[in-house]
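Understanding the architecture of this molecule
One letter stands for each residue in the lines below.
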Amino acid sequence: MRKNDWVLIIAVLLICAAAFGIHFLRPRQAGMVEVKVDGEEFGTWPLYEDAEVAIGETNRLCIEDGYADMIWADCPDKLCVHQRAISRDGESIICLPNKVVVSVIGGEERKTDAVSQ
Ligand SMILES: [Zn+2]
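A brief report on the enclosed structure follows. A quick note: this is a predicted structure, and the numbers were derived from the prediction, not measured. (Residues numbered from 1 in each chain as written. Predicted model: local features only at pLDDT ≥ 70, side-chain atom pairs only at ≥ 80, totals over all residues. Heavy atoms only, no water.)

Looking at the side chain of Ser 103
Note the following rule: Strands here mean DSSP runs of E at least two residues long; helices mean DSSP runs of H or I at least four residues long; both are numbered from the N terminus. Throughout this description, buried means an accessible area under 20% of the type-specific maximum (1.4 Å probe, protein chains only), exposed means over 50%, and partly exposed covers the range between. Contacts between residues were defined by any pair of non-hydrogen atoms, one from each residue, lying within 4.5 Å.
Residue placement: Ser 103 occurs in strand β7 (residues 100-105). For Ser 103, a relative accessible area of 15% gives the class buried. Those residues in contact with Ser 103, other than ones at most four positions away along the chain, are Met 32, Val 33, Glu 34, Ile 86, Glu 91 and Ser 92.

Re the nonpolar core
Which entries qualify depends on this criterion: Among buried residues, the Ala, Val, Leu, Ile, Met, Phe, Trp, Tyr and Cys ones that are joined through side-chain atoms within 4.5 Å form a nonpolar core.
Core analysis: the biggest nonpolar cluster contains 18 residues, and Val 33, Ile 55, Leu 61, Met 70 and Val 102 have the highest contact counts within it. Among the elements of the structure, β1 (32-37), β3 (51-55), β4 (59-64), β5 (67-73), β6 (92-95) and β7 are those that each provide at least two residues to this core. Not counting chain neighbours up to four residues away, the residues in contact with Val 33 comprise Gly 43, Thr 44, Trp 45, Leu 47, Leu 61, Ile 63, Ala 68, Val 102 and Ser 103.

Looking at the coordination of the zinc ion
As a reminder of what qualifies: As a rule, N, O and S atoms within 2.8 Å of a metal are its donors, except that Na, K and Ca use 3.2 Å; water is not among the atoms, so sites may look incomplete.
The protein atoms that coordinate the zinc ion are Cys 75 (SG), Cys 80 (SG) and Cys 95 (SG), at distances of 2.1 to 2.3 Å. A relative accessible area of 1% places Cys 75 in the buried class. The buried category is assigned to Cys 80, whose relative accessible area is 0%.

Side note on the sheet that holds β1
Our working rule: Should DSSP find at least two bridges between two strands, the strands are taken to pair. The axes are straight lines fitted to the C-alpha atoms, using for helices just the contacting stretch, and the angles between their N-to-C directions are given from 0 to 180°.
Spatially, the four strands line up as an open sheet ordered β2-β1-β7-β6, and their pairing is antiparallel. Looking along the sheet, the strands with just one partner apiece sit at the ends: β2 (40-46) and β6. This sheet shows a mean twist of 15° between the axes of neighbouring strands, independent of strand direction. Across six bridges, the pairing between β1 and β2 is antiparallel.

Some details on the sheet that holds β3
In spatial order, the strands read β3-β4-β5; together these three strands make up an open sheet with antiparallel pairing. Each of the sheet's edge strands pairs with one partner strand only, and the pair in question is β3 and β5. The sheet shows a mean angle of 25° between the axes of neighbouring strands, taken without regard to direction. Sheet analysis places β3 next to β4, joined by five bridges and oriented antiparallel. Note on β4: the bridge partner recorded for Ala 54 is Arg 60.

The following block contains the structure:
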């Protein structure tokens, strides 16, 4: 093999490695957590950033490892706290007594831009 062939092969390998690296270094296509209280938007948080969100005085939401979970609520039934953590587009945790709705938008299963919705 000539020297130029090796240069070409190495260049191709480098390009492949770069493309591979970029693919995995990009932020994950995780969605946003949207919180509504009494039908009005309370706020949105990215699923990929760990956070603890106080929803007014009544509910507390924990975002960790791409999952959103209601960790505390002052409602009598505690159904929202017992609901499992949500991570996928369209999933939601609902606290009926406090009129709190937590839902995932633009998660893994949908390719559209969450911001444009
Ligand atoms: Zn509740």
